[in-house]
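# Fold and contact review
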Amino acid sequence: MSTKHLPLFLEGEVAKGFGRGSKDLGCPTANYPLEVVQSLPKDLEPGVYYGWAQVDKGDTYKMVANIGWCPFYQNKQMSVETHILHKFDKDFYGSQLKIGLVGYLRGEKNFNSLEELINEIKQDISNAEKLLEQPDAQNIKNDKYFVY
Ligand SMILES: Cc1cc2nc3c(=O)[nH]c(=O)nc-3n(C[C@H](O)[C@H](O)[C@H](O)COP(=O)(O)O)c2cc1C
Ligand SMILES: Nc1ncnc2c1ncn2[C@@H]1O[C@H](COP(=O)(O)OP(=O)(O)O)[C@@H](O)[C@H]1O
Ligand SMILES: [Mg+2]
């Protein structure tokens, strides 16, 4: 079941990925290092999730996260990447990123073109924007995990 383990809270340093998020997709994703990926519950469903994200001790923002092998790019290693729905002034590699996965949107898919992948991500973002307004999701935003 795709909602098993939710809400799931993860924390780790922002690491380098393949540099495709911003360049190919116009959608930067903060990638976790391998040890965070390896710490996931083994039966966590790969796919696209929505939830909350906090960089260092900053504000908590909406996010969408992709967990899996990116079939479009056929990655060899599983990745966990978070696109935060906020405009940052600069990169934050090396920062601590806390996320709380609230819900599951869909499984990872392959696409015939980059444009189709980009359009699907835009749809994910729009779905996440709405779903995160719901009271259950707001409760997770206010969880003590994100409070200092
Ligand atoms: C909301 C969201 C949905 C995504 N969905 C898919 C998908 O269905 N299939 C896929 O191959 N990759 C998907 N991706 C992953 C992108 O391919 C990935 O972000 C991109 O390869 C950037 O990787 P990088 O951080 O290593 O540069 C998704 C990413 C996001 C943020
Ligand atoms: N709104 C955002 N969400 C996620 N990362 C962002 C955002 N704005 C800037 N960044 C920066 O962009 C980087 C990700 O860009 P990306 O092209 O996916 O590179 P990489 O392949 O190294 O992950 C993040 O590590 C972070 O430092
Ligand atoms: Mg990335």
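Residues numbered from 1 in each chain as written. Chains lettered and ligands numbered in written order. Predicted model: local features only at pLDDT ≥ 70, side-chain atom pairs only at ≥ 80, totals over all residues. Heavy atoms only, no water.

- An unreviewed UniProt entry annotates the protein chain as Riboflavin kinase of Spodoptera frugiperda.

### Here's the deal with the environment of Phe-146
- On the secondary structure map, Phe-146 appears in the segment after helix H4 (135–141).
- On the basis of relative accessibility, which here comes to 4%, the residue Phe-146 falls in the buried class.
- As a C-alpha pair, Phe-146 and Phe-9 span 137 residues in sequence and 9.9 Å in three-dimensional space.
- Ignoring sequence-local partners within four residues, the contact set of Phe-146 consists of Phe-9, Trp-52, Gln-54, Thr-60, Lys-98, Ile-99, Gly-100, Ile-140 and Lys-141. (Helix = DSSP H or I, 4+ residues; strand = E, 2+ residues; numbered from the N terminus. Buried < 20%, exposed > 50% of the residue type's maximum accessible area, 1.4 Å probe, protein only. Contact = heavy atoms within 4.5 Å.)

### Quick word on the site of ligand 1
- For ligand 1, the set of nearby residues contains 23 residues, the closest of which are Phe-18, Arg-20, Glu-81, Arg-106 and Lys-109.
- Within the side chain of Asn-66, one N or O atom sits 3.5 Å away from a nitrogen atom of ligand 1.
- Glu-81 is positioned such that a nitrogen or oxygen atom in its side chain is 2.6 Å from an oxygen atom of ligand 1.
- Taken by itself ligand 1 offers 630 Å² of open surface, and the protein chains cover 99% of this. (Near = heavy atom within 4 Å. Polar contact = N/O pair within 3.5 Å; in protein donor to acceptor, adjacent residues only side chain to side chain. Areas by Shrake-Rupley, 256 points an atom, 1.4 Å probe, with all protein chains shown as cover.)

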